[in-house]
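One-letter residues, chain by chain:
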Amino acid sequence: MTPSLGTHIAFGVLAAFAVLTGWRVFCTDSMVRASFFLLLSFIAVGAIMILLTAEYLGVAMFCMMAVEMMVMALFMVMFMMNPAGLNPMKMVHQERVAIVVGVIAFVVLSAVAVLSEFPDAPLPAEHVPTISLGRELLGDSMLVFETAGVVLLTTMVGVVVLSSRRGRYGCADDGSMPPGLEPGGEPAGQPSEEEGEHTHHHH
Amino acid sequence: MTLTTLLILAAALIGIGLYGALSQQSFVMLMMGLELMLNGVMLAAVAFWAFSGTGAPEGQLLTIVVMAVMAIEMALGFALVVAVFRAKQADMTEALSELKQ
C-alpha cells in the first residue's frame, strides 16, 4: 500500500485535528463541550482508520462514538459543576505532575516509534479488509468475538445491579437481609450464631 | 502517513489522555482521559495492522476487542459514579478518602 499525496495531506490535517480536539477536552469550560470535543477526536481517528483502508473499523468508530458521546453528554449534564460553561472552570489536582507524566509518556512512546525497527509488511494489493475481518470474526476468532459479547451482557447485568437503589430484600444501601420464614422470625438461610462459632474453631 | 507518524500520533493521544486521567478532579472528566488513551491504543493497533502485519485479520479483531473494552469501561464507570454519588453525594475524587493513609 503506497499512500498518495492526498492521503498524506488528509492524514496530516486529521492528525492535527485529533490532537487539538483531544487537548481541548481538558481545557474547555463546559463539560458537555468537552464530550463533543472528545467525539471530534474519535471521529478524526476513525477517518484515519478509513485512510488506512480499515473501512469497517472506521465506520464502526463513527457509529459507536456518536451514540457513546451522546450518552456521555447526558451524564455530563447530570454531573456538571458549571452550568452552560458560563464561568471559567479549572478543576484539576496535581496538575504539574500530570503534565510531566503525560509528556514523559508521549516522549517515551514516540522514541519507541522512531527508534525501533518494525517489520515492513504492508497490506497485500488484492486484500479486502472487511471480508477478511468478517471471516476472522465468524471463523477462527469466533470464541474471542463471542466472549466479548458475553462480557458485554455481564456488564449490562452488573450495571443494573450497581445502579438500582432497591435490592431484592430492601434498600441496597442498608445491606441486604432475607426475610424470615414466618413473619418476624429469624432471617432465612443465614448460619446461626453457634454454627458460625463452630466453623471458626476448626481453623 | 507512515507507521512512525501514526505511532507518534497515538503516543500524543495517550499522553493527553494520561494527563487528563491524572489531573481531572471530576470522575466523568477522568473517564474521558481514559477514553482518549484507548483511542490512541486503537489507532496504534490499526497502524500496526496496516503497515507491519501483512493484513492479518487479528489486527482488526484486536481493535474490536478494544472497542468492547471501551464500552464496558464507560458503562461500568458511569454505574460506579452513580452508586458513589448515591452513597456519599460525591462527584469528585477528593471526596473519597476512606482508603487514604
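Residues numbered from 1 in each chain as written. Chains lettered and ligands numbered in written order. Predicted model: local features only at pLDDT ≥ 70, side-chain atom pairs only at ≥ 80, totals over all residues.

By the naming in an unreviewed UniProt entry, chain B is NADH-quinone oxidoreductase subunit K, taken from Billgrantia antri. Under Subunit (unreviewed entry), UniProt gives the following word-for-word description of chain B: "NDH-1 is composed of 14 different subunits. Subunits NuoA, H, J, K, L, M, N constitute the membrane sector of the complex." In its Catalytic activity (unreviewed entry) section, the UniProt entry covering chain B states "a quinone + NADH + 5 H(+)(in) = a quinol + NAD(+) + 4 H(+)(out)". (UniProt positions renumbered as here; feature names shortened; annotations may be inferred.)

Per an unreviewed UniProt entry, chain A goes by NADH-quinone oxidoreductase subunit J and derives from Billgrantia antri. Per UniProt, chain A carries the Subcellular location (unreviewed entry) text "Cell membrane".

**Q** What exactly am I supposed to notice about the overall build of chain A here?
**A** When helices and strands are counted, chain A shows seven helices and two strands. Burial statistics for chain A: of 203 residues in total, 22% are counted as buried. When contacts within chain A are restricted to residue pairs at least 6 apart in sequence, those whose partners lie at least 24 apart make up 47%. (Helix = DSSP H or I, 4+ residues; strand = E, 2+ residues; numbered from the N terminus. Buried ≥ 20, exposed ≤ 12 C-beta atoms within 10 Å, placed from the backbone. Contact = placed C-beta atoms within 7 Å.)

**Q** What exactly am I supposed to notice about the overall build of chain B here?
**A** Looking only at helices and strands, chain B features three helices and zero strands. Ordering the α and β elements of chain B from the N terminus gives α-α-α. Computed over its C-alpha atoms, the radius of gyration of chain B comes to 17 Å, more than 25% above the 13 Å expected for a compact globule of 101 residues. Each principal axis of the C-alpha atoms in chain B carries an extent, and together these give about 50 × 20 × 20 Å. Taken across its 101 residues, chain B has 54% of its residues classed as buried. (Rg over C-alpha atoms; globule rule 2.2 N^0.38 Å.)

**Q** When you look at the UniProt feature "transmembrane region" (unreviewed entry) in chain A in this model, what are you seeing that I'm missing?
**A** Those places that UniProt annotates as "transmembrane region" (unreviewed entry) correspond, in this numbering, to residues 6-27, 34-52, 58-77, 97-116 and 142-162 of chain A. What you have in residues 142-162 of chain A is 100% helix and 0% strand, and the ends, taken at the C-alpha atoms, are 30 Å apart.

**Q** Could you clarify how one ought to interpret the interface of chain A and chain B in this entry?
**A** One frequent convention defines the size of an interface as the accessible area lost when the parts assemble. On the chain B side, the residues contacting the 76 residues of chain A number 59 residues. When contributions to the side of chain A that touches chain B are tallied by element, the ones reaching two or more residues are helix H1 (5-24), helix H2 (31-51), helix H3 (55-78), helix H4 (95-115), helix H5 (129-137) and helix H6 (142-163) of chain A. Of the residues that constitute the side of chain A that touches chain B, the class distribution is 53 nonpolar, 16 polar and seven charged. (Nonpolar A, V, L, I, M, F, W, Y, C, P; charged D, E, K, R; others polar.)

**Q** Can you walk me through the packing of H4(A) against helix H1 (residues 3-23) of chain B in this structure?
**A** Working note: a packed helix pair is described by the angle between its axes plus the distance between those axes. For the pair H4(A) and H1(B), the least separation of the axes is 8 Å and the interaxial angle reads 160 degrees. In terms of orientation, H4(A) lies roughly antiparallel with respect to H1(B). With respect to the hand of their crossing, H4(A) and H1(B) are arranged in right-handed fashion. Across the contact of H4(A) with H1(B), the residue classes tally to 19 nonpolar, five polar and one charged. (Axes fitted to C-alpha atoms, helices over the stretch in contact; angles between N-to-C directions. Parallel < 35°, antiparallel > 145°, perpendicular 65-115°, else oblique. Left-handed = near helix turned anticlockwise from the far one by under 90°.)

**Q** I would appreciate a short explanation of the nonpolar core in the present structure.
**A** The tendency in soluble globular proteins is for nonpolar side chains to be buried as a group. Of all hydrophobic cores here, the largest spans 72 residues; its most connected members are Ala10(B), Leu43(B), Val46(B) and Ala47(B). For this core, the secondary structure elements donating two or more residues are H1, H2, H3 and H4 of chain A together with H1, helix H2 (27-52) and helix H3 (57-88) of chain B. In terms of residue count, the dominant contributor to this core is H2(B) (18 residues). Each residue touching Leu43(B), except ones within four places of it in the same chain, is listed here: Val45(A), Ile48(A), Leu6(B), Leu9(B), Ala10(B) and Leu13(B). (Core = buried A, V, L, I, M, F, W, Y, C linked by C-beta atoms within 7 Å.)

**Q** Any chance you could explain the environment of Glu146(A) here in plain terms?
**A** Residue and element names in this part refer to chain A. You can see Glu-146 is positioned in helix H6. On the neighbour-count criterion, Glu-146 (12 C-beta atoms within 10 Å) is exposed. Sequence-wise, Glu-146 and Ile-48 are 98 residues apart; in three dimensions their C-alpha atoms are separated by 27 Å.

**Q** Help me understand the domain arrangement of chain A, please; the structure alone is not making it clear to me.
**A** One can read the domain layout of chain A as domain 1 (1-83) and domain 2 (128-163). Once you take the C-alpha centre of each, domain 1 of chain A and domain 2 of chain A turn out to be 23 Å apart. (Domains from an automatic or database assignment.)

**Q** Please explain the UniProt feature "transmembrane region" (unreviewed entry) in chain B as it appears in this structure.
**A** Residues and elements named next belong to chain B. Here, the residues flagged by UniProt with the feature "transmembrane region" (unreviewed entry) are residues 6-22, 34-52 and 64-85. Strand forms 0% of residues 6-22 and helix 100%; the C-alpha atoms that close the span are 24 Å apart. From the first C-alpha to the last, residues 34-52 spans 27 Å; its make-up is 100% helix and 0% strand.

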